[in-house]
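# Results of the structural survey
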Amino acid sequence: MKTGKLKKRFTEIFGRGREPEVYRAPGRVNLIGEHTDYNDGLVLPIAIDLSTYGLFRTTDKDKIRVYSENLNKMEEIDPANISRRRDDWTDYVRGVLSGLESRAGTISGFDFYLNSEIPVGSGLSSSAALELVTAVGAIRTLNLAELEDLDLVKLCQKAENDFVGANTGIMDQYASYLGRAGAALLIDTSEPSHRPVKLELEGYELLVIDTTVSHTHGNNEYNRRRRECETAIDEINEKFEKDELRSLSEIASEELSAILPRLEQKLANRVEHVVRENERVEEAANCFRQGRIKEVGELFYASHSSLRDLYEVSSPELDFLIEFARAEGIPGARMTGGGFGGSTIHLVPEGQTDDYLERAVGEFENEFDITPGGFPVSPSDGAKFQN
Ligand code: ADP
Ligand code: MG
């Protein structure tokens, strides 16, 4: 988005005065490593080239005014009462400001304009982008204390977990803050720590296709999967008379042949998915570094099959798009995000993205009578001061 246009809109909304400062925080897409983050496992997200922009201007009034262009809504937040939840979109802002208030200094009045190019609710994490743009902008414009990178990431995650009440892992905020142009982040969520992985895409592009479908049982099933993983840990500790397994990601793949037969089938499937998915993430990172895209693609397909058959979090719409990818002969595709609807990611030969997307949209419409969304994405830098 053009900074000049954003500033003009800011003035239209909040009136003339000092120039606002512009910040942006990107959305993210997870390349591989699904349902591993809450199992202390590995994930491989990129920050994408679609961002939420936040414009800030301090005022001498005792109130925070926040306007969302996407929702066409203005709301007020009382700096003396930041941590009062409202059960609306401003809770993301309140959650972050309230974390900053206890960690980094006093929150005084300011005007805050938001405009996002990230499709909201498509699994590209407009929520983390909103949190990060709020945090990065507030710290700099309000002269708050700087926080360590990981502290800031965790503060934003906490806003989403405790304040908004969404039980998500650390990946989204991590990628939106620490993402790098041209690279993915290989995050070990158990520490957490990360290494950048240079993406040698070798003539391929990353395309996200959003089913725009969101199955309502998804939330329940997500929580059920988390519980199943905990039950599996308990059972393994019990059956092998030890008490030392803390997470499924501690299981080595060589141990699976001893462990799986002693678990009920469904739990065995969940365990197998998590352990093998971690392996796939590591392999995919190596292949990406070396530009071995065909092999990355095979890992994408394998990840999808495992999520469909072993972890049982796919949906007919997601499966349809992955079957389409196979029929088109592209190297790889998979669902990305928690599942039960949401988005897919495809490795498409450079220059063919438009045609590929058009055919995918056409076939999807024929099958489901729904128009999916399509977004070519490329790995970009994390949240930043813009002007
Ligand atoms: P996702 O993160 O995949 O886009 P979520 O459901 O986690 O989906 O977050 C979407 C929510 O975040 C929206 O319903 C809204 O409350 C809030 N949000 C995100 N971006 C904006 C924005 N630009 N303006 C207002 N609210 C936003
Ligand atoms: Mg989100």
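In case you missed it, the structure is sitting above this.
This report concerns the structure included in the present document. For clarity, every value in this text was computed on a predicted model and none was experimentally measured. Residue numbering note: each chain is counted from 1, following its sequence as written. All chains are assigned letters beginning at A, and all ligands numbers beginning at 1, according to the order in which they are written. Only residues with pLDDT of at least 70 get local features here, since the model is predicted, and only at 80 or more are side-chain atom pairs given and counted; chain-wide, interface and lining totals rely on the full set of residues. Each side-chain value is derived from all of the structure's non-hydrogen atoms; neither hydrogens nor water enter the calculation.

## Thoughts on the overall build of the protein
The condition that has to hold: Helical segments are the DSSP runs of H or I of at least four residues, strand segments are the runs of E of at least two, and each set is numbered from the N terminus. With the radius of gyration taken over C-alpha atoms, the globule rule is written as 2.2 Å times the number of residues to the power 0.38. Summary of the burial criterion: residues with accessible area below 20% of their type's maximum are buried, those above 50% are exposed, and those between are partly exposed, where the area comes from a 1.4 Å probe applied to protein chains only. Here the open area of atoms and residues is found with the Shrake-Rupley method and a 1.4 Å probe, where only the protein chains shown may cover a residue. Charge counting follows a simple rule: Lys and Arg are positive, Asp and Glu are negative, and His as well as the terminal groups are ignored. Every charge is mapped onto a representative atom, which is NZ of Lys, CZ of Arg, CG of Asp or CD of Glu.
When helices and strands are counted, the protein shows 11 helices and 13 strands. For the protein, the C-alpha radius of gyration of 22 Å lies close to 21 Å, the compact-globule estimate for 387 residues. Dimensions along the principal axes, computed over C-alpha positions, put the protein at roughly 65 × 55 × 40 Å. The 387 residues of the protein split such that 57% are buried. A total accessible area of about 16,600 Å² is found for the protein, and carbon and sulfur atoms account for 42% of it. Counting 45 positive and 68 negative side-chain charges, the protein places the centres of these two groups 6 Å from one another.

## A word on helix α10 (residues 316-328)
Residue pairs spaced three or four apart in an α-helix point in one direction, given the helix's 3.6 residues per turn. For clarity, the cut-off: The length a helix should cover is 1.5 Å for every residue beyond the first. We call two residues contacting when some pair of their heavy atoms lies within 4.5 Å.
In this model α10 runs 18 Å from its N-terminal to its C-terminal C-alpha over 13 residues, within 8% of the 18 Å that 1.5 Å per residue would give. For α10, the set of buried residues is Glu317, Leu318, Asp319, Phe320, Leu321, Ile322, Phe324 and Ala325. Buried-residue contacts for α10 involve β9 (204-214), α9 (293-309), β10 (332-336), β11 (341-349) and α11 (353-368). Residue Gly329 follows α10 closely and has a positive phi angle near 80°.

## Quick word on the layout of surface pockets
What counts is decided by this rule: With a 1 Å grid spanning the protein atoms alone, the term cavity applies to any set of points in which a 1.4 Å probe fits but cannot get out, the term pocket to an open set with protein on both sides within 12 Å along at least five of seven lines, and the term lining residue to any residue with an atom within 4 Å of a point. Grid points are joined across faces, edges and corners, and a volume is the space filled by probe spheres set on the points. Asp, Glu, Lys and Arg are counted as charged, while Ala, Val, Leu, Ile, Met, Phe, Trp, Tyr, Cys and Pro are counted as nonpolar; the rest, among them Gly, fall into the polar class. For the domain bounds, the source is a domain assignment made automatically or taken from a database.
Approximately 1,200 Å³ is the volume attributed to the largest pocket. Forming the walls of the largest pocket are 40 residues, and the residues nearest its centre are Arg28, Gly123, Thr168, Asn219 and Gly338. Those elements giving two or more residues to the lining of the largest pocket turn out to be α3 (126-141), α5 (171-178), β9, α6 (218-239) and β11. For the lining of the largest pocket, a count of residues per class yields eight nonpolar, 26 polar and six charged. Counting residues domain by domain, the lining of the largest pocket receives three or more from each of domain 1 (3-198 + 381-385) and domain 2 (204-377). Considering only enclosed or pocket space, the second largest pocket measures out at about 240 Å³ in volume. What lines the second largest pocket is Thr52, Ser68, Asn70, Leu71, Trp89, Tyr92, Leu114, Ser116, Val120, Ser126, Ser127 and Leu130. Broken down by secondary-structure element, the contributors of at least two residues to the lining of the second largest pocket are β6 (110-116) and α3. Across the lining of the second largest pocket, the residue classes tally to six nonpolar, six polar and no charged.

## Some details on the nonpolar core
Going by this rule: What we call a nonpolar core is a set of buried Ala, Val, Leu, Ile, Met, Phe, Trp, Tyr and Cys residues that are connected through their side-chain atoms within 4.5 Å.
Of all hydrophobic cores here, the largest spans 73 residues; its most connected members are Leu31, Leu44, Ile46, Leu100, Ile107 and Phe288. Top element by residues in this core is α3. It accounts for eight residues. The contacts of Leu100, once residues within four sequence positions are left out, are Gly105, Ile107, Ala135, Ala138, Ile139, Leu144, Leu147 and Leu155. Core analysis: the second largest hydrophobic core is formed by 24 residues, Leu248, Leu256, Ala268 and Val275 among them.

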